[in-house]
Amino acid sequence: MERSLVLIALVLYCSSATLVTCSTAAGFRMELTHVDAKRGYTAAERVRRAMATSRQRLSSFADVTAPVHWNTSQYIAEYLIGTPPQRAEALIDTGSDLIWTQCSTCLQGRGSSCVKQGLPLYNASKSGTFRPVSCNDTLCLANQEHSCAKDGSCAFGAFYGAGDAAGSIGTEVFTFQNGSGTLTFGCVNDLSITEGSLDGSSGLIGLGRGPLSLVSQTRATKFSYCHTPYLRSNATTGASSHLFVGAAASLSGSSPVMSMSFVEGPKEYPFYYVPLIGITVGNTRLSIPPTVFALNKSSDDGGVIVDSGSPTTALVDGAYQPLREELKRQLNGSLVPPPAGSGMDLCVALAQEKTVPSMVFHFSGGADMVLPPENYWAPVDDSTSCMVMDNSSGFSIIGNFQLQNKHMLYNLAKNQLSFQTADCSSL
């Protein structure tokens, strides 16, 4: 199974000078910005880019709070790295664990396959706090793909649905909004990924279960995020999404809280598997055997993951086809052909969006996630609105578009995922 790739920019707050020793009683918060926020893409272009990014993925601290902004198809976070500090941006990914950024040793356009980013490349030689990690160090051995470079330092490789990254492992001071500390990270000097996967960002911050993720390195036992709507027409002006790590991660407000236990997955994967057991469209519960969503522990195939690195949801064919047929039945005469070259499946005229029914994801233990039409249907041009979900093979992914205005809380101590409907712009 391919590992996932996600991009998010972040700003963290920590009361201690060193994130790794901050008390987790405090926690931290980050504001996330979507990748499209810095560009003039229309709503339709954003939707198409989100679908394309999801397909590429399939084919291939203590108290911190940070803002997150939305760019083209992903959410992005900003931070500082090194001494003196250098600016960087990263995507945040619950489907991987390594923190990495492209480095100045990655000579863009000079034989290297690194990609263009919006900020200058991080230059370790200009930082007084960068330290290479030895290939015999436990920090090196913690990375799944590692080897010894000629100088004895740690070389690594990371593999994602969108491509591969390679470079060296080091430690460096990361500075967030009101705190800083030393983290282990990958200094990438060779990056071969699908064009546009980074959306101009500098790298990646993993939130997965592995030992090198931001969550693991800060010894946090929980984190949460809440994404404001993708489309400006559904969003509060100037609103930011947020990522919370540590004690700052909690659910509040009057909306009901739904909870479920994570499904135990293969130890070698950093994914968060969830117990999806059914889907309702409108008032109709689909005839989908629960085994369609089950993880096959003998082959490590199947299952359902929640992935902050995937813009949209993709369901295995055994679930997608019944969903597609029921929507066709309910929408009937409202359906229109998808725009040429859009790659979309089911569409209605923009004026008929109100005919689209709500959807419910049913999880074991009684947790039901209600998706209003705007969480799985969106305009793709001036006259057409289409379903923003896709089919997949092997396993299913619940992506960000379906989780707009859902506050997602990962409680690792309890091995539990909780969520509630929320106005993410007000957090």
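Residues numbered from 1 in each chain as written. Predicted model: local features only at pLDDT ≥ 70, side-chain atom pairs only at ≥ 80, totals over all residues. Heavy atoms only, no water.

**Quick look at the overall build of the protein**
- Scanning the protein from N- to C-terminus turns up 4 helices and 29 strands.
- Within the protein, the proportion of its 427 residues that are buried is 56%.
- Of the roughly 16000 Å² of accessible surface on the protein, a fraction of 50% belongs to carbon and sulfur atoms. (Helix = DSSP H or I, 4+ residues; strand = E, 2+ residues; numbered from the N terminus. Buried < 20%, exposed > 50% of the residue type's maximum accessible area, 1.4 Å probe, protein only. Areas by Shrake-Rupley, 256 points an atom, 1.4 Å probe, with all protein chains shown as cover.)

**Considering the sheet that holds strand E21 (residues 347-349)**
- Spatially, 4 strands are ordered E20-E21-E25-E24 in an open sheet, and the strand pairing comes out antiparallel. The sheet terminates laterally at strand E20 (335-336) and strand E24 (377-379), the two strands that pair on one side only.
- Note that E24 and strand E25 (residues 384-387) share 3 bridges and pair antiparallel. Along E25, the bridge assignment pairs Pro379 with Ser385. (Pairing = 2+ DSSP bridges.)

**Focus: the pairing of strand E23 (residues 368-371)**
- Burial along E23 is one-sided: Met369 and Leu371 are buried, and none of Asp368 and Val370, which face the opposite way, are.
- As judged from the 4 bridges shared by strand E22 (residues 359-363) and E23, these two strands associate in the antiparallel manner. Residue pairing for E23: His362 is matched across the bridge by Asp368.
- What sits between the antiparallel neighbours E22 and E23 is a turn of 4 residues, in which Gly365 has the positive phi angle 90°.

**Considering the state of the cysteines**
- Within this structure, the stated rule accounts for 6 disulfides.
- Covalent S-S linkage joins Cys106 and Cys114, the inter-sulfur distance amounting to 1.3 Å.
- Under the relative-accessibility criterion, Cys114 is labelled buried at 10%.
- A sulfur-sulfur separation of 1.9 Å characterises the disulfide bridge that pairs Cys226 with Cys424. Between Cys226 and Cys424, the S-S dihedral sits near -70°, and the bridge is therefore left-handed. With a gap of 198 residues between them, Cys226 in strand E11 (residues 222-226) and Cys424 in the segment after strand E29 (416-421) connect regions that are remote in the sequence. A single burial state applies to Cys226 and to Cys424, both of which are buried. (Disulfide = S-S within 2.5 Å.)

**A word on the pattern of salt bridges**
- According to the stated counting rule, one finds 5 salt bridges in the structure shown.
- One salt bridge in this structure joins Lys267 and Glu264, with 3.6 Å as the shortest N-O distance.
- The exposure class assigned to Lys267 is exposed, which follows from its relative accessible area of 73%.
- Note on Glu264: relative accessible area 51%, which makes it exposed.
- Measuring nitrogen to oxygen at the nearest pair gives 2.6 Å for the salt bridge that ties Glu326 to Arg329. Pair noted here: Glu326 and Arg329 are both in helix H4 (residues 317-331), with a separation of 3 residues, about one helical turn.
- Salt bridges sharing partners connect three or more residues here, namely Arg324, Glu325, Lys328 and Asp345. (Salt bridge = Lys/Arg side-chain N within 4 Å of Asp/Glu carboxyl O.)

**Thoughts on the confidence of the model for the protein**
- Looking at the protein, pLDDT values average 83 and 79% of them are 70 or higher.
- Note on residues 1-25: pLDDT is under 50 here. Beyond four places in sequence and across chains, it has 165 contacts.
- The low-confidence segment residues 54-63 (pLDDT under 50) makes 65 contacts with residues lying over four places distant or belonging to another chain. (pLDDT = per-residue confidence, 0-100. Contact = heavy atoms within 4.5 Å.)

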